[in-house]
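In case you want the letters, here they are:
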Amino acid sequence: MKRNYNIFHVLTLAFTSIILMIIIFSCESPLILTGIFIYFLVVFITCGHSKDIKDGFKYFAPFFAVTLIINMIFVTDGTIMLFKAFGKDFTLESLIVSFMLSFKLLLIMYLFMMMGIMIDSDRAVSFFSSKMPKSTLMMMVTFKLFPSMKNRLVTLKQIYSIRGVDFEGKGMRERIKAFIPILSILLESSLDGAFDIGEAAYVKGFLSGKRTVYDRQTFGRKDYIVTLYAFLLIVVYLFFRISGSLNFDIYIGIDVSKFINLGAITVFIMLLMLAALILILTEENEDGLHRY
Amino acid sequence: MAYIDIKGLSYSYPDERDRALKDVSLEIEKGEIFLLMGDSGSGKSTLLKCISGAIPYFYGGTLWGKIEIQGKAVENMTHQERSGTIGMIFQDPERQLLMNKVHREIAFGLENIGVEEKNIKRRVWEALQFSNIQDIALQDINTLSGGQKQRVAITSAVAGLPQCILLDEPTSQLDPSSAEEVVELIKKINDELGITIVVVEQRVDRWFQICDRIGIMKDGMLLFVGTREELYLSDDEYLRGFLPTRLKLAKALGIEKMPLTIRETRRALGRFEFRLKEDKHKGSSKCILSIKNLYCGYGNEEILRGINLLVNEGDFIGIFGPNGAGKSTLLKSIMGLLKYSGSIRIMDKEVKNLGVRDIALISGYVSQNPNDYISKDTVYDELKFTLDNYGIKDDGVIDITLKDLNIYELRHKNPRDISGGERQRVAIASILVLRPKLLLLDEPTRGLDFEAKRKLGRVLKSLNKNGTTIILITHDVDFASEFCDRFGIIFNGEIVSIGTREEVLSESIYYTTEINKLLRDKNKRIFSLEQALSSVRR
Amino acid sequence: MRKLSIYLTTFFISILLFLTITGKIQEYIPLFVTIVVLAILILSYMYFEKSAMGTKEIAVIATLSAFAGVGRAIFAFAPGVQPTTFIVAISGFVFGPYEGFLVGSTAAFISNIFLGQGPWSPWQMFGWGIVGVISGIIGKARANISVEKFSVICFLYGFLFDWIMNLWHVLGYIRPLTLKSIISAYALGLTFDVLHAISNFLFSMIFFERLVRVLRRFKRRLEITYIR
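- An unreviewed UniProt entry lists chain C under the name Energy-coupling factor transport system substrate-specific component, from Fonticella tunisiensis.

- Under an unreviewed UniProt entry, the name given to chain B is Energy-coupling factor transport system ATP-binding protein, and the source organism is Fonticella tunisiensis.
- The record in UniProt for chain B states the following under Sequence similarities (unreviewed entry): "Belongs to the ABC transporter superfamily."
- Under Subcellular location (unreviewed entry), UniProt gives the following word-for-word description of chain B: "Cell membrane".

### Quick look at the overall build of chain C
Argument step 1. Looking only at helices and strands, chain C has 9 helices and 0 strands in total.
Argument step 2. N-terminal to C-terminal, the α/β element order of chain C is α-α-α-α-α-α-α-α-α.
Argument step 3. The contacts in chain C between residues at least 6 apart in sequence include a share of 78% that link residues at least 24 apart.
Argument step 4. A total accessible area of about 9,300 Å² is found for chain C, and carbon and sulfur atoms account for 71% of it.

### Examining the packing of helix α5 (residues 121-131) of chain A against helix α6 (residues 133-162) of chain A
Residue and element names in this part refer to chain A.
Argument step 1. At a closest axis distance of 6 Å, the pairing of α5 and α6 adopts a crossing angle of 135°. Our classification of the angle between α5 and α6 gives oblique. For the pair α5 and α6, the contacting residues are Val125, Phe128, Ser129 and Lys131 in the first and Pro133, Thr136 and Met140 in the second.
Argument step 2. Considered class by class, the residues forming the contact of α5 with α6 number 4 nonpolar, 2 polar and 1 charged.

### Details of the sheet that holds strand β19 (residues 469-473) of chain B
All names here are of chain B.
Argument step 1. If you trace the 6 strands from one edge of the open sheet to the other, you get β17-β18-β19-β14-β20-β21, paired in mixed fashion. A strand with exactly one partner marks an edge of an open sheet, and here the two such strands are β17 (363-366) and β21 (494-499). Sheet twist, expressed as the average angle between the axes of neighbouring strands with direction ignored, equals 15°.
Argument step 2. As paired strands, strand β20 (residues 486-491) and β21 are joined by 5 bridges and run antiparallel to one another.

### Thoughts on the environment of Leu211 of chain C
Argument step 1. Within the fold, Leu211 of chain C resides in helix α9 (residues 190-224).
Argument step 2. Through-space distance from the C-alpha of Leu211 of chain C to that of Ile87 of chain C is 8.8 Å; in sequence the pair is 124 residues apart.

### A closer look at helix α1 (residues 44-52) of chain B
Residue and element names in this part refer to chain B.
Argument step 1. In terms of burial, α1 is largely enclosed, as 8 of its 9 residues are buried.
Argument step 2. Listed in full, the buried residues belonging to α1 are Lys44, Thr46, Leu47, Leu48, Lys49, Cys50, Ile51 and Ser52.
Argument step 3. A positive phi of about 90° marks Gly53, the residue just after α1.

### Description of the domain arrangement of chain B
Residue and element names in this part refer to chain B.
Argument step 1. According to the domain assignment, chain B contains domain 1 (4-233) and domain 2 (287-504).
Argument step 2. Computed from C-alpha coordinates alone, the two centres of domain 1 and domain 2 are separated by 34 Å.
Argument step 3. At the junction of the two partners, domain 1 supplies 7 residues and domain 2 supplies 6 residues.
Argument step 4. Note on domain 1 versus domain 2: buried area summed over both sides is about 630 Å², and carbon and sulfur give 42% of it.
Argument step 5. Considering only the surface of domain 1 that becomes buried against domain 2, Gln173, Asp175 and Gln202 emerge as the three largest contributors, covering 53% of it.
Argument step 6. At the junction of domain 1 and domain 2, the tally comes to 0 salt bridges.
Argument step 7. Here domain 1 is connected to domain 2 by 3 residue pairs in polar contact (both at pLDDT 80 or more).
Argument step 8. When grouped by side-chain class, the residues that make up the side of domain 1 that touches domain 2 number 1 nonpolar, 4 polar and 2 charged.

### Let's talk about the packing of aromatic side chains
Argument step 1. In this structure the tally under the stated criterion is 37 aromatic pairs over all chains.
Argument step 2. Judged by centre distance (5.4 Å) and plane angle (25°), the rings of Phe143 of chain A and Phe114 of chain C are stacked. Of this pair, Phe143 of chain A sits in helix α6 while Phe114 of chain C sits in helix α5 (residues 97-115), placing the two residues on different chains.
Argument step 3. The class of Phe143 of chain A is partly exposed, set by a relative accessible area of 22%.
Argument step 4. Of the residues examined, Phe114 of chain C reaches a relative accessible area of 36% and is grouped as partly exposed.

### A closer look at the nonpolar core
Argument step 1. Of all hydrophobic cores here, the largest spans 269 residues; its most connected members are Phe40 of chain A, Leu289 and Leu460 of chain B together with Phe86 and Phe207 of chain C.
Argument step 2. With 14 residues, the single largest contributor to this core is helix α8 (residues 180-203) of chain A.
Argument step 3. Once residues within four sequence positions are removed from consideration, Phe86 of chain C is found in contact with Phe150, Cys154, Asn200, Phe203, Ser204, Phe207, Phe208 and Leu211 of chain C.
Argument step 4. Counting 68 residues, the second largest nonpolar core, distinct from the first, contains Val115, Ile136, Val152 and Leu518 of chain B.

### Observations concerning empty space enclosed by the protein
Argument step 1. Using the criterion set out here, one finds 5 cavities of 30 Å³ or more in the structure.
Argument step 2. In this structure, the largest cavity occupies an estimated 170 Å³ of space.
Argument step 3. Lining the largest cavity are 15 residues; nearest its centre among them are Lys204 of chain A together with Ser83, Gly87, Ser156 and Ala157 of chain B.
Argument step 4. Of all the secondary structure elements, the ones that give two or more residues to the lining of the largest cavity are α3 (79-85), β6 (86-89), α4 (102-112) and α6 (146-159) of chain B.
Argument step 5. Partitioning the lining of the largest cavity into residue classes produces 8 nonpolar, 6 polar and 1 charged.
Argument step 6. Taken together, Val125, Ser129, Pro133, Thr136, Leu137, Phe206 and Arg211 of chain A together with Met99, Arg104, Phe108 and Glu111 of chain B make up the full set of residues lining the second largest cavity.
Argument step 7. Broken down by secondary-structure element, the contributors of at least two residues to the lining of the second largest cavity are α5 and α6 of chain A together with α4 of chain B.

### Remarks on the confidence of the model for chain B
Argument step 1. On average, residues of chain B score 90 in pLDDT, and 99% of them are at 70 or above.
Argument step 2. Within chain B, strand β8 (residues 196-200) of chain B carries the highest mean pLDDT (96), whereas strand β22 (residues 536-537) of chain B carries the lowest (80).

Procedures and definitions
- Residues numbered from 1 in each chain as written.
- Chains lettered and ligands numbered in written order.
- Predicted model: local features only at pLDDT ≥ 70, side-chain atom pairs only at ≥ 80, totals over all residues.
- Heavy atoms only, no water.
- UniProt positions renumbered as here; feature names shortened; annotations may be inferred.
- Helix = DSSP H or I, 4+ residues; strand = E, 2+ residues; numbered from the N terminus.
- Contact = heavy atoms within 4.5 Å.
- Areas by Shrake-Rupley, 256 points an atom, 1.4 Å probe, with all protein chains shown as cover.
- Axes fitted to C-alpha atoms, helices over the stretch in contact; angles between N-to-C directions.
- Parallel < 35°, antiparallel > 145°, perpendicular 65-115°, else oblique.
- Nonpolar A, V, L, I, M, F, W, Y, C, P; charged D, E, K, R; others polar.
- Pairing = 2+ DSSP bridges.
- Buried < 20%, exposed > 50% of the residue type's maximum accessible area, 1.4 Å probe, protein only.
- Domains from an automatic or database assignment.
- Buried area = accessible area lost by both parts, 1.4 Å probe.
- Salt bridge = Lys/Arg side-chain N within 4 Å of Asp/Glu carboxyl O.
- Polar contact = N/O pair within 3.5 Å; in protein donor to acceptor, adjacent residues only side chain to side chain.
- Phe/Tyr/Trp six-rings, centres within 6.5 Å; stacked < 30°, edge-to-face > 60°.
- Core = buried A, V, L, I, M, F, W, Y, C linked by side-chain atoms within 4.5 Å.
- 1 Å grid on protein atoms, 1.4 Å probe; cavity = no way out; pocket = protein on both sides within 12 Å on 5 of 7 lines; lining within 4 Å.
- Points joined across faces, edges and corners; volume = space filled by probe spheres on them.
- pLDDT = per-residue confidence, 0-100.

Structural data, given as structure tokens:
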């Protein structure tokens, strides 16, 4: 059954995401990164977004290639030689480091995709319009204009192809030149429209005084639970990190205790528990209601 | 004391010498529906903006005189007070909705005027119910039709429970059915909530029925204020031009007492007979456009479903149909802008096999929005632009075209500074300069006032007489009936009826002129005021 | 909101401090820079809330942002060839550095809703924002700059923007961060950068005078209709 993850407060999600981002950026322990990976998989699969796992790879592929190549070329340390090419040694260590960095990149991609799934745009708009009404209005107007401008451009392109403009001309210069009339018309008429939009907002009393909020978002019990847990996670992580038990430097030597130690295991388990926590909090009873 | 009290109001826009309003005095009573009319540029919208406070607080400029709402001068009201007292609806539904979802849009105004939070949700949903649009409450505004958007805009005004709602040409961008719904909704708002309504509109017929009093403006001055009966009894030719067609007929026939409803008009006309001479049809048999079994659509959505159409040289065809029936799609597919299956042949050439540039030389197309054609600084350059793109030298064809369209004297003017009707003709000229045999027009009369429409119609008619075949799609049956000679109706991507005026309009339940509806039981072949007057036997 | 953001910023800065104490400073540059970029973006929108700008400016900035954003979607004939950078530049040039920043970042954010958000989003917002700011400063200093000069600046924007965009990837995922590794990572994208720069130059040469005239006219309308 598909779960609905749109029930959390925007701030809860933002806070958790930044915590995860800090861990991804600053952590070298493969175990912890795997924990985060598992957490993402759980979320994607349980809310029916398994396709996103694949899509993430698609976005990731070009960056992955660059990451791998550059890192392989420039990381020269290491003792276990794999092969020699262009007068350079390629070591197992450099391969592992490159993979780790690429893996982090993938995790960051997933993090953004997960935010897209979990943030309910309607609730986000409610929240932001209560805190930042002007920016929210500006974003909303832009968001509304975008598709209609795009359609208008398509129509204009048709009209000007009838008027004899050649949009498939030779060379970049000609092609850009073909857009002279339609870009000018679009800019002019959209700016004309801007005055109407401004007037409509004015007449509707925007910025006329103290605002109230429709559908005010409340920071509920589940939000407190998740936020506190995420806070605990970062504290524990920092503790082990500072105590040095998470330092993972592959060039010093590959050693099992570097992979798996008390710190790494603790944070790993905490990440799994975060996934479990989210699952419990979003569990619906038979009536489709949330337990918390 | 009047509810809205305007005394000696004059106004000039910033940076402009001429006054847009000249010494206007007007009293509007609480709870009435006041209809304000006038040609474009007469100052009627400006007057509305003065009442809403957008003038001068948003637009600037200089204002003389006073406006009071319920005894309180507008300048002494705070912005929030004004927004809470007055709601406003604009012409273009696209440009007045600011949020993404319908319910949020309705809440937006309430948030701004500081309605208590516990009441907002309730007001939003009650307003939605009042307007009977709960079904679209959670939808994205981008997915709505123009008519739906306009009802959302009105609902959001109602939710604020204002004392007064101002409407600036609220139906001018809508098709007739949507326009009717908007009028009904406004009537309900006035009836049930007692909200004062001031509506500015060019098309009078619909609003005439529900309004209490009428004001008519010209050149920034208020020429007339009075009841419908007073307007009917007026001897002024110009003022009478604003009467609905049926009343123009009644007046011309010398009926003294204004028949209030259509039914009364029909009764009052009972003693008249209308006899029309048979008129001959000019017939050409040379086929210029032949469409067979045409299917066309966007993506997975099929819009045209098996269109068959034969157009002969010299035809002037008007095509009607509701929004989304496929009218515009039909024109675009003829121009080769869309992929289609079936066959479209212009002058015996299959459109599929031609490039857009080849088609444009034999068939011209003008879209709904004449502003799309304004890219140069003079009218002349606009036409030259098209010619240059085709590498054709101007051997006087520009001047001929300009004269054909009656805009020769505007040739050195900036097309941005001319009236809407003139701009429409410039748009047509910029296409017609290629001298196509066939001309396709998409709603050419949208937003034009009475006089501009008439001029456009005459110009098109003379073009047609000189050999240009014209197909136009329109919602304006009166206009089409006056100028076209063949008619078609499209429903659900099919042409359900095509033929002469008598074949199509006389049999129509919906798509016919007001005069025809009024007189069809006496004589089915009468469609216009002129016909009625010339055929009347007392 | 203000209080909240102060708390959050303090919180994250202290985390960063903790981290830097323990590790090599170089390792935390990426995290640090990312958070700085996010903070700049958030602060600039918060400043917008407090500014005197009203409904008219909101509408104009929104319109320009949508216009710039749509540019990305419509010019699909070659990667890097889009008028967005140029439109952001002239918006800043005519309306001012702060407005330019908002147009650039809003355009990036909204167009990414349609084209795909990702870790690049804040960087794109920042990159175009910076283009807007610089152009705004140029507009203030030299309002009658020649087309050629402005076009050269637009040419440079091609590199500036692309290089800012490269940062999120290079800083985060290239190790070790040496001059050599950074240069070669940048070299990989050079063809796109050059394409972007040239197209910017052409857009500016072809459109500058025409569009700036339109924008100036509207700016004037904004100004004369002001009653404060």
